[in-house]
Amino acid sequence: MEELTHYIDGKRVKGASGRFSDVFNPATGEVQARVPLATKAELDAAVAVAAEAQKGWAATNPQRRARVMMKFGQLINDHMDELAELVSREHGKTLPDGRGDVQRGLEVVEVCMGAPHMLKGEFTDDGGPGIDLYSMRQPLGVVAGITPFNFPAMIPLWKMAPALACGNAMILKPSERCPSTALRLVELIEEAGLPKGVLQVVNGDKEAVDAILDNETIQAVGFVGSTPIAQYIYGRAATNGKRAQCFGGAKNHMIVMPDADLDKAADALVGAGYGAAGERCMAISVAVPVGEKTADALVERLVPRIEKLKVGPYTAGADVDYGPVITKQAEERIRGLIDSGVDQGAELLVDGRDFRLQGYETGFFIGPSLFDRVTPDMDIYKEEIFGPVLSQVRAESYEDALRLTMDNPYGNGTAIFTSDGDTARDFAHRVNVGMVGINFPIPVPLSYHTFGGWKKSAFGDLNQYGPDAFRFYTRTKTVTERWFSGIKEGGEFHFKQMD
Ligand code: NAD
């Protein structure tokens, strides 16, 4: 069985802890590799390497750093199929979806090619007599990225590209479920010219994460994962004086107004609800049709579409719609939640529990499920299911649908389908959710905007990628300067007014 490694100081390094985590092939249920879990000592040693390497990297001018991003972008493109296969092999998502995972990360690398522009400071000429002020953006030093299983390429790239373009060194701790893509990306960025030690991959679990949070050299932590862990990491990092931005789970609602194009809404719901087996933080998991007539008409369109979905391994060809879920535990948890929905009185219109795929009986597959007449007190509404399950909650009016969305503790993404501009505008303006789609089910912003949820979907005050990332990964220093050209004054004992 393949034994994976860390990537430290320019090379793949075997784990020293003797502890490993299994990496599954989710389509067969077999263990295909094991990944080492780092100790605190291994993590601290990698940080010491990073701190040394960061000095030279920070002294490399931003344009040269950007050239590394350009070459890296090219290499990602050249290796697109290889990277997508790495993603799909460990995650189980289809190959086109694996390519999308790489592509949406690559787009953040592309924005980082313009880093010199983003890192320009500010200048005030003559802020007072003979006084100028300038602000500069300096790197933080060593930072850490801790990433989830569900986007093994995209989210590591969201973290590493801006952090490195800003002149930091990074310790990346990818998910122990899907670590191979990050290990390959670090090789590619070194091939693009990144000096060794500036980006290192340390694999691990809670022990490595806690070592990151307590390491005094690490200045900032960027996390993506589930809400309880996001909240824990944010609290511990902040207590230790680090910058932290921690993105958590989601329960994304899509409101369907009576005037919506219902065929388009149904297509959107099926793609956004079941794509990647529902394992996306921007998946739509709650459909909220307004009015009984809309709800009935929507169900009529959803059921046949869902029944046609093709579930299978990524190797089965381009017509597979989605693959297995990530682990046996995830599969059992999702099945348990579907059972609870039935027990608590929701109507299970499509039941994916009995789905079996010949030849893949031990894989972690679940068929698509659709619930109708779900109410907010049910577990299937309250929990982030993170599986191929769509719940329909019927709303009496637009205001009810809006209130339901706003009362939900999560605030990652939401969408409205309508043909009325007034309603759409009102929704976008009032809803307390970070990313909003209008006739657009998964509104992940493009890489030159920023990505971030509200409420329990994010802890911290800046978003990922785009201009916010350049703020997060740099700190501002402001210089006030005066050159004495004939101005003679004694000591000053009060704040000087700039007049
Ligand atoms: P997870 O929280 O289990 O793991 C995320 C990371 O935290 C991993 O690297 C893992 O090793 C580490 N970790 C896990 N348990 C830990 C603990 N007790 N202490 C310290 N570290 C720990 O999340 P996951 O299952 O890998 O990913 C799915 C979750 O991520 C979903 O909730 C999904 O909504 C969320 N997600 C959010 C976004 C976003 O941008 N908001 C994007 C993608 C995924």
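What counts, and at which threshold
- Residues numbered from 1 in each chain as written.
- Predicted model: local features only at pLDDT ≥ 70, side-chain atom pairs only at ≥ 80, totals over all residues.
- Heavy atoms only, no water.
- Phe/Tyr/Trp six-rings, centres within 6.5 Å; stacked < 30°, edge-to-face > 60°.
- Helix = DSSP H or I, 4+ residues; strand = E, 2+ residues; numbered from the N terminus.
- Buried < 20%, exposed > 50% of the residue type's maximum accessible area, 1.4 Å probe, protein only.
- Pairing = 2+ DSSP bridges.
- Axes fitted to C-alpha atoms, helices over the stretch in contact; angles between N-to-C directions.
- Contact = heavy atoms within 4.5 Å.
- Salt bridge = Lys/Arg side-chain N within 4 Å of Asp/Glu carboxyl O.
- Core = buried A, V, L, I, M, F, W, Y, C linked by side-chain atoms within 4.5 Å.
- Domains from an automatic or database assignment.

Attention now moves to the packing of aromatic side chains. Per the stated rule, a full pass over the model turns up nine aromatic pairs. Consider the rings of Tyr234 and Phe459, whose centres lie 6.3 Å apart with planes at 35 degrees: the pair is tilted. In this pair, Tyr234 sits in helix α9 (residues 227-239) while Phe459 sits in strand β22 (residues 458-459), placing the two residues 225 residues apart along the sequence. A residue is classified by how much of its surface remains accessible, and Tyr234, at 30% relative accessible area, is partly exposed.

The strand order across the open sheet formed by three strands is β6-β7-β23, and the pairing between neighbours is antiparallel. Looking at which strands have only one partner, the edges of the open sheet turn out to be β6 (122-128) and β23 (474-482). Ignoring which end each strand starts from, the neighbouring axes of this sheet average 20 degrees apart.

This brings us to the side chain of Thr5. Within the fold, Thr5 resides in the loop between β1 (2-3) and β2 (6-8). Among residues more than four places away in sequence, those in contact with Thr5 are Arg12, Val13, Lys14, Pro36, Leu183 and Asn203.

A separate point is the sheet that holds β1. Taken in spatial order, the three strands make up an open sheet running β1-β5-β4, and their pairing is mixed. The open sheet has two free edges, formed respectively by β1 and β4 (20-25), since each of these has just one partner strand. In the sheet, β4 pairs with strand β5 (residues 30-36) via six bridges, with the strands oriented antiparallel. The residue bridging Val23 from the neighbouring strand is Ala33, located in β5. Contacting β4 and β5, helix α3 (residues 80-91) runs over the sheet at an angle of about 100 degrees to β4.

This part covers the pattern of salt bridges. The final tally for this structure, using the stated rule, is 35 salt bridges. Close ionic contact of Arg335 with Glu331 constitutes a salt bridge, the shortest N to O distance being 3.0 Å. With a gap of four residues between them, Arg335 and Glu331 both fall in helix α12 (residues 328-343), about one helical turn apart. Given the relative accessible area of 5%, Glu331 is considered buried. A salt bridge links Asp400 to Arg403, with the nearest nitrogen and oxygen atoms 3.1 Å apart. You can see Asp400 and its partner Arg403 sitting in helix α14 (residues 398-407), three residues apart, about one turn around the helix. Residue Asp400 is classed as partly exposed on the basis of its relative accessible area of 25%.

Here the focus is the nonpolar core. Formed by 153 residues in total, the largest nonpolar core has its most connected members in Phe72 and Leu164. Looking at this core, the element that brings in the most residues is helix α6 (residues 154-165), giving nine residues. There are two domains that each give this core at least three residues, and those are domain 1 (2-248 + 457-479) and domain 2 (252-438). Not counting residues up to four positions away in its chain, the partners in contact with Phe72 are Val109, Leu157, Met160, Leu185, Leu188, Ile189 and Ala192.

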